[in-house]
Amino acid sequence: MFGKSYWTLRDVARITMNPFSSGRSTDGSDSEGSFDAPGSFVPEHVPEPGAFLEGHDVLEGEEHVAFHDVTRDLFEERGVYDATFGYNLARLNLDRRHPEAGYRYAVDADDPTVLRAEFSPTTEFCPQADALVKGSFRAWNGLSDRHEYDLVRVRVRPSHHQSESLNGTLESLEAQYLESGEVPTEPIGSSPGTGAKGEDSDETSVQSPF
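All values derive from a computational prediction rather than experimental measurement.

### A closer look at the side chain of Ser136
Tracing the sequence through the fold places Ser136 in helix α2 (residues 129-142). Residue classification places Ser136 among the buried positions, given a relative accessible area of 0%. Within the local environment of Ser136, its side chain forms a polar contact with the side chain of Tyr103, the two groups lying 2.8 Å apart. When near neighbours in sequence (up to four residues on either side) are disregarded, Ser136 contacts Phe75, Val80, Leu89 and Tyr103.

### Quick look at the nonpolar core
Core analysis: the biggest nonpolar cluster contains 38 residues, and Tyr103, Trp140 and Val154 have the highest contact counts within it. Elements supplying a minimum of two residues to this core: α1 (61-78), β4 (102-107), β5 (114-120), α2, β6 (151-156) and α3 (163-180). At six residues, α2 tops the list of elements feeding residues into this core. Excluding residues within four positions of it along the chain, Trp140 makes contact with Phe67, Thr71, Leu74, Phe75, Tyr103, Tyr105, Ala117, His147, Val152 and Val154.

### Overview of the layout of surface pockets
Regions of empty space are outlined by a rolling probe, equal in size to a water molecule, passed over the atoms. In this model, the second largest pocket occupies a volume close to 190 Å³. The residue inventory of the lining of the second largest pocket, partitioned by class, reads five nonpolar, four polar and three charged.

### Quick notes on the pairing of β6
The buried fraction of β6 amounts to six of the six residues, a majority that puts the element mostly inside the structure. What you see with β6 is no split at all: Leu151, Arg153 and Arg155 on one side and Val152, Val154 and Val156 on the other are buried throughout. Note: β5 against β6, six bridges, orientation parallel. Note that in β6 the partner of Leu115 across the bridge is Val152. Of the crossover connections in this fold, the one passing from β5 over α2 to the parallel β6 is right-handed.

### Let's talk about α3
Over its 18 residues, α3 extends 25 Å from the first C-alpha to the last, a length consistent with the 26 Å expected when each residue adds 1.5 Å. Turning to α3, its buried residues are Ser163, Ser165, Leu166, Asn167, Thr169, Leu170, Leu173, Glu174 and Tyr177. Its buried side turned inward, α3 meets α2 and β6. Remark: Gly181 follows α3 within two positions and exhibits a positive phi of approximately 80°.

### A short note on the pattern of salt bridges
Once their charged atoms are close, side chains differing in charge can pair, the charge on each being opposite to the other. Counted according to the given criterion, the structure contains eleven salt bridges. Lys134 is paired through a salt bridge with Asp130; the nearest N and O atoms lie 3.3 Å apart. Here Asp130 and Lys134 lie together in helix α2, a separation of four residues that amounts to about one turn. Judged on exposure class, the residue Lys134 and its partner Asp130 are both buried.

### Things to note about the confidence of the model for the chain
For the chain, mean pLDDT is 78; residues scoring 70 or higher make up 73% of the total. Mean pLDDT across the secondary structure elements of the chain bottoms out at α3, with 93, and peaks at strand β1 (residues 57-58), with 98. pLDDT under 50 marks residues 1-31. Its contacts with residues more than four places away, or in other chains, come to 55 contacts. Per-residue pLDDT stays below 50 along residues 188-210; that stretch engages in 60 contacts with residues further than four places along the chain or on separate chains.

### Let's talk about the pairing of β4
The buried fraction of β4 is high, at six of six residues. Bridging between β4 and β5 involves six bridges; their strand directions are antiparallel. If you follow Tyr103 over to β5, its bridge partner there is Phe119. Between β4 and β5, which follow one another and run antiparallel, lie six residues.

Parameters at a glance
Residues numbered from 1 in each chain as written. Predicted model: local features only at pLDDT ≥ 70, side-chain atom pairs only at ≥ 80, totals over all residues. Heavy atoms only, no water. Helix = DSSP H or I, 4+ residues; strand = E, 2+ residues; numbered from the N terminus. Buried < 20%, exposed > 50% of the residue type's maximum accessible area, 1.4 Å probe, protein only. Polar contact = N/O pair within 3.5 Å; in protein donor to acceptor, adjacent residues only side chain to side chain. Contact = heavy atoms within 4.5 Å. Core = buried A, V, L, I, M, F, W, Y, C linked by side-chain atoms within 4.5 Å. 1 Å grid on protein atoms, 1.4 Å probe; cavity = no way out; pocket = protein on both sides within 12 Å on 5 of 7 lines; lining within 4 Å. Points joined across faces, edges and corners; volume = space filled by probe spheres on them. Nonpolar A, V, L, I, M, F, W, Y, C, P; charged D, E, K, R; others polar. Pairing = 2+ DSSP bridges. Right-handed = clockwise from strand over helix to strand, strands pointing away. Expected span 1.5 Å × (residues − 1). Salt bridge = Lys/Arg side-chain N within 4 Å of Asp/Glu carboxyl O. pLDDT = per-residue confidence, 0-100.

Here's what the structure looks like:
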């Protein structure tokens, strides 16, 4: 499934400057051994697939690693960084300190050109969840020539206290993308977690920079 030549494009030079990466290492090295090795898949260190992936072809082992390697490069290019930990969001899957946080993926059972991505935040009140999932959606779908899927659908695990509103916003992003063929860049509507421009934003919300 992942043998196509475009997988080699993950080493292509970055076009967009990452505003968050200056002075930070993203190679996965860690003197305290808090991270699994890059390119590894350790089931006990990644979240269990949740409801959004149920009944679909969950990526495991090498298939998970192949897509997640591409994800790391796309997130680096688009600056999808976890500001709390100061690293590329894709590295969260390798962080042994947070074995129940990160992304899991599944190929849609009804359409193999669609990938489902489910994000499990580190805490139920993660203030960055809005920015991180929107940034993820825009990176995957805005750079869709770098992977084999026509659409990457993104959802937040229900454990997050704003999952309903966040997932509603993601559904709107997805619908606009499918209708126009372009990834929306402007905030959508007013819902908790949409940042400073949302009328109902609470003090734990952050405005997405993506």
